[in-house]
Amino acid sequence: MKTPAWQRKEGKAESGGLNAKGRASATVTAHSSLRVRAVVPGDELRSEAISNIVYATRLASTTITASPRTLRAGRRTTIKGRLRGGYIPRGGFQLALYGHGPRSRGWVPIRTSISVSSNGYWSTPYRFLRSSRGSFSFRVRTPNRPDYPFRAANSPSVRIRVR
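Attention in this report is confined to the structure presented alongside it.

Scoring rules and cut-offs
Residues numbered from 1 in each chain as written. Predicted model: local features only at pLDDT ≥ 70, side-chain atom pairs only at ≥ 80, totals over all residues. Heavy atoms only, no water. 1 Å grid on protein atoms, 1.4 Å probe; cavity = no way out; pocket = protein on both sides within 12 Å on 5 of 7 lines; lining within 4 Å. Points joined across faces, edges and corners; volume = space filled by probe spheres on them. Helix = DSSP H or I, 4+ residues; strand = E, 2+ residues; numbered from the N terminus. Nonpolar A, V, L, I, M, F, W, Y, C, P; charged D, E, K, R; others polar. Pairing = 2+ DSSP bridges. Axes fitted to C-alpha atoms, helices over the stretch in contact; angles between N-to-C directions. Phe/Tyr/Trp six-rings, centres within 6.5 Å; stacked < 30°, edge-to-face > 60°. Buried < 20%, exposed > 50% of the residue type's maximum accessible area, 1.4 Å probe, protein only. Contact = heavy atoms within 4.5 Å. Core = buried A, V, L, I, M, F, W, Y, C linked by side-chain atoms within 4.5 Å.

Side note on the layout of surface pockets
In this approach a probe as big as a water molecule rolls over the atoms, and the regions it shows empty are the leftover space. Taken as a whole, the second largest pocket encloses approximately 270 Å³ of empty space. Residue lining of the second largest pocket: 17 residues in total, with Gly101, Pro102, Tyr126, Ser132 and Phe136 positioned closest to the centre. Of all the elements in the fold, those that place two or more residues in the lining of the second largest pocket are strand E8 (93-100), strand E9 (108-116) and strand E11 (134-142). Per-element tally for the lining of the second largest pocket: the top contributor is E11, with 3 residues. Counted by class, the lining of the second largest pocket contains 8 nonpolar, 7 polar and 2 charged residues.

Following this line, the structure appears as structure tokens:
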């Protein structure tokens, strides 16, 4: 653990471990979402000071790819990817697949429970109807969960052409 700012040389000042404006600073490494609270120890003249909690959140990141990306109507494609970040909760993790077609006005849920493996990989098949033609986009939504240290986010979209 790093030495607190008020105990390091660059953090020490005559005004009690603060800079000229009376502010303290600290560097937090970016790896996942964090809750940060600053504590300044008290002495015989001052009582201990505790800041409010600051939430530093980071969006979840997911890769997505499809194979094949061009196919005939009525055929099947496999959409797969990886949940980045290196942490999967013990009880498993579920993603949601959304699709956007040539006649749809927005993103429509296609599959609401895609299981993620313990090493972060996921995969799901999708079969197009025989009457389907055009360009279809898919993306994955990572949900908010109290046991997952990243914030909900969408993956980039992948486009599949059906002829």
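Here we look at the sheet that holds strand E10 (residues 121-127)
Taken in spatial order, the 3 strands line up as E5-E7-E10 in an open sheet, and their pairing is antiparallel. Each of the sheet's edge strands pairs with one partner strand only, and the pair in question is strand E5 (65-67) and E10. Pairs of neighbouring strands in the sheet enclose a mean axial angle of 25°, with direction left out of account.

Details of the packing of aromatic side chains
The full count for this structure, using the stated rule, is 7 aromatic pairs. For the ring pair Tyr87 and Tyr148, a centre distance of 6.5 Å and an interplane angle of 20° mean the geometry is stacked. You can see Tyr87 sitting in the loop between strand E7 (76-82) and E8 and its partner Tyr148 sitting in the loop between E11 and strand E12 (153-154), a full 61 residues away along the chain. Of the residues examined, Tyr87 reaches a relative accessible area of 37% and is grouped as partly exposed. Looking at Tyr148, the relative accessible area reads 3%, which means it is buried. Ring geometry for Phe128 and Phe138: centres 6.1 Å apart, planes at 70°, overall edge-to-face. Taken as a pair, Phe128 in the loop between E10 and E11 and Phe138 in strand E11 lie far apart in primary sequence, 10 residues in all. Clustering of aromatic rings is evident, with ring pairs tying together Tyr87, Phe93, Tyr148 and Phe150.

Points about the environment of Ser157
Along the chain, Ser157 falls in the loop between E12 and strand E13 (158-162). Using a relative accessible area of 46% as the deciding quantity, one classes Ser157 as partly exposed. With 18 residues separating them in the primary sequence, Ser157 and Arg139 have C-alpha atoms 4.6 Å apart. Discounting chain neighbours no more than four positions away, the residues touching Ser157 are Trp107, Phe138 and Arg139.

Things to note about the nonpolar core
Counting residues in hydrophobic clusters, the biggest one holds 24 residues, and the most contacted among them are Ile79, Leu95, Trp122, Phe128 and Phe138. Those elements giving two or more residues to this core turn out to be E8, E9, E10, E11 and E13.

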